[in-house]
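Examination of the molecular architecture
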Amino acid sequence: MKNNFYKKFIIIVSILCCNISIVKAQIKNASFEKNQITGESQIVKKLKGWTISSGNVELIASNVFSAVEGNQVLDLNGNQPGSIVQTIKGLKKSTDYALKFEYADQKGRQRDDQTLLATANVVINGITVATLRNLSPAPNYIGGIGFGFKSTAKGTATIEFVSTTKGDMGLVIDNLRIIEGQPSKPPVNDHLVNGGFEMKVISESGNPHLYGDQLPGWLIMQENIDLIAIDRFGSPSGKWVIDLGGHGPGGIAQTITNLTPGVKYRLSALYSRHQSWDQQDPLTGEIFIDDELVLSLNRDKLAKAPRWERIAHDFIAPSDGEITLSLFSTALKVGGGILYDDIKIEKVSDIVEPKKIPVLIIDGFSNHNWELNTEYLQKILESTGKFTVSVSTCPNQKENESDWKNWNPDFNSYPVVIQTCNNIFKEDTLQWPNHVKQAFEKYVTEGGGVYMYHGATNAFKGWPAYNKMLALGWRDKDFGVAVTINDKEELEIIPKGEGENTGHGARTDALVTRIAGHPIHIGMPKSWIAADVEIYRYGRGTTENLEVLSYAKDPKTELNFPMEWTVKFGKGKIYCSTYGHLWKDQEWPPNIRCTAFQQSMTRALQWLSGNVVDNYVEPDFPTSESTVLRPPILD
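Residues numbered from 1 in each chain as written. Predicted model: local features only at pLDDT ≥ 70, side-chain atom pairs only at ≥ 80, totals over all residues. Heavy atoms only, no water.

The next point concerns a negative patch on the surface. A cluster of acidic side chains, namely Asp-290, Asp-291, Glu-292, Asp-320 and Glu-322, defines a negative patch on the protein surface. In this fold, Glu-322 is placed in the loop between strand E21 (309-316) and strand E22 (323-329). Take Glu-322: its relative accessible area is 35%, and that puts it in the partly exposed class. (Patch = residues over 30% accessible without salt bridge, like charges linked within 9 Å, V, L, I, M, F, W, Y side chains within 5 Å. Areas by Shrake-Rupley, 256 points an atom, 1.4 Å probe, with all protein chains shown as cover. Salt bridge = Lys/Arg side-chain N within 4 Å of Asp/Glu carboxyl O. Lys, Arg positive; Asp, Glu negative; His and termini not counted. Charge placed at Lys NZ, Arg CZ, Asp CG, Glu CD. Helix = DSSP H or I, 4+ residues; strand = E, 2+ residues; numbered from the N terminus. Buried < 20%, exposed > 50% of the residue type's maximum accessible area, 1.4 Å probe, protein only.)

The next subject is the layout of surface pockets. As a volume, the largest pocket reaches approximately 870 Å³. In terms of lining residues, the largest pocket is bounded by 24 residues, among which Arg-310, Glu-353, Pro-354, Asp-614 and Tyr-616 are the most central. At the level of secondary structure, the elements contributing two or more residues to the lining of the largest pocket comprise strand E18 (264-273), E21 and strand E23 (338-347). Per-class residue counts for the lining of the largest pocket are eight nonpolar, six polar and ten charged. (1 Å grid on protein atoms, 1.4 Å probe; cavity = no way out; pocket = protein on both sides within 12 Å on 5 of 7 lines; lining within 4 Å. Points joined across faces, edges and corners; volume = space filled by probe spheres on them. Nonpolar A, V, L, I, M, F, W, Y, C, P; charged D, E, K, R; others polar.)

To continue, consider the sheet that holds strand E8 (residues 127-134). The antiparallel open sheet is built from five strands, whose spatial order is E2-E5-E10-E7-E8. The outermost strands of the open sheet, each flanked by one partner alone, are strand E2 (51-54) and E8. Ignoring which end each strand starts from, the neighbouring axes of this sheet average 25° apart. Sheet topology note: the E2/strand E5 (residues 83-88) ladder contains three bridges and is antiparallel. What sits directly across from Ile-52, in E5, is Ile-84. (Pairing = 2+ DSSP bridges. Axes fitted to C-alpha atoms, helices over the stretch in contact; angles between N-to-C directions.)

A word on the sheet that holds strand E9 (residues 147-150). Taken in spatial order, the six strands of this open sheet run E1-E3-E4-E11-E6-E9, and their pairing is antiparallel. Among the strands making up the open sheet, the edge pair consists of strand E1 (41-44) and E9. The mean inter-strand angle of the sheet, taken between neighbouring strand axes irrespective of direction, is 35°. Pairing between strand E3 (residues 57-61) and strand E4 (residues 72-75): four bridges, direction antiparallel. Across the sheet, Leu-59 pairs through a bridge with Leu-74, a residue of E4.

Under the defined criterion, the tally for this structure stands at 22 salt bridges. Linking Asp-614 and Lys-386 is a salt bridge whose minimum nitrogen-to-oxygen distance equals 2.4 Å. One end of the pair, Asp-614, is in the segment after helix H8 (595-608); the other, Lys-386, is in the loop between helix H3 (370-383) and strand E25 (387-393), and 228 residues separate them in sequence. For Asp-614, a relative accessible area of 15% gives the class buried. Owing to a relative accessible area of 25%, Lys-386 belongs among the partly exposed residues under this scheme. In this structure, Glu-401 and Lys-405 form a salt bridge, with 3.4 Å as the shortest nitrogen-oxygen distance. Of the two residues, Glu-401 and Lys-405 are both situated in helix H4 (residues 401-406); the distance of four residues between them amounts to about one turn of the helix.

Turning next to helix H5 (residues 434-445). With twelve residues, H5 extends 16 Å between its outermost C-alpha atoms, agreeing within 8% with the 16 Å of an ideal straight helix rising 1.5 Å per residue. If you check which residues of H5 are buried, you get Val-436, Lys-437, Phe-440, Tyr-443 and Val-444. Axial view of H5: buried residues confined to an arc of 125°, hence all on one face. Exposed and oriented more than 90 degrees from the buried face of H5 are Asn-434 and Gln-438. Along its buried surface, H5 packs onto strand E26 (416-419), strand E27 (449-453), helix H6 (464-470), strand E33 (560-569) and strand E34 (572-577). One or two positions beyond H5, positive phi appears at Gly-447, with a value near 125°. (Expected span 1.5 Å × (residues − 1). Arc of directions from axis to C-beta. Contact = heavy atoms within 4.5 Å.)

Have a look at this one:
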């Protein structure tokens, strides 16, 4: 019994001693509760436990906004910028510690283009260990991993907070504490984890703000970051992209192990720019491997999301097969920054370049400049590095009847065909041979893909299977129904015989709006301006197996008509579009140089051929504000 009593006594004494040591080493008045105030706020010149080393500060009660701990927070600005300082005693000598606290901005603070972020310096033992920069309004406090320091040889630490924010409102701080040990280190993963920044959230829209260890696979190293949803900015991979400028310049890191020493790897990522925060241009960021800067990024106002670009950096894995990857926003003035998605680390030797997609262009007759059009299409597609293009030209049946009868394009050698022939107004003299029509029908029925290029929707009105492939074509109003799109993006059917024959007005720069959901449009903005296009009104057909992808408003009728649509025919897929127009007196006109047309064509061909569709739009893709024209591709 005596031994048991003695053991219990020693344990109790030890606990009390430890508690005394902890209390002795803690910050005095760490939650700013010692000065009791009346009312909502009070400027103070004396703060218990602290020395106000410059200006003055203000205590704010929780009925203004809730405190993290207790009932009061401290505003580092009273009626002017202030600073507070305290020396903590009783720490272990020359030992690593971390200072932790929560901080936030205030909604009522006066901001201008020069003072968007509230700022303050954290000084420990005479060294500035951090500059806080944020505009997250209280009570949306930021915590985080803390700020590391080493106690003095006497076991002390002098902590100072210095406001660098102008005016009578600054950052508010609360719940200060000191923890033995260094701040948290990035998680160690045996492969890159969550390079697409996916996580479960309460809502799948908006932009949750995260700090500390709230992002799976990563540690948020400073300030906070944003998840931004696909319905806002266009997400190349999954539902979310990440903005490293949350409400201030944030950063993330993780340690990756199990790399093969001495082997070359490639770090790659997609990046873009926040759609807001024009007060700073460009927005910038940095990427580090083991504290070595490997990529510096900047995006100006013309390169906003959903315009994405892929970056890459090759490196040799170190002898221990371990690296720490870090990404930081260096946009120090605003509450937004560089956006990232689809980060990868791959062995260079394992990266397989996708095979080029074989494409067959069928031409030979049209009321457009079909010879030059084929040349332009071939140059555009081959310049992407994603296609090999062949051409099969239908001979003139009057001038070369024998060649016409023997013409036999090899559809089955190609996963996708671009059909450009148009016999409008010349149905009796310009046709394909029947065996070619039959082969074409069989090709599509068995799974082939067809891109009906511009005037191809005008062609072959007497060919029933072709009309089904179009679903909507250039036809008289008695031929079939027409389709418009209402304000709810629902299709409305105009019965056969009602409305007008198919037609179009003058070519125009049109606002094209996509209907969400199709792979061809992944990551694209909701709307963009397409250059010099024709808006076909009252396209007529069966509408069988029709899916409208995008639409534009016809200036004459003020109705929304389809601009892009797809059709299922047997096992095959057809894409139709009014993009692309080359008249007989034109060279590289705007509608051919239009970035929206060129990238939409690339994606449509990828989809039609059964290949993976690019999951991001290129940096020059147009927005709803202006067209973008690419330069002519000259020999």
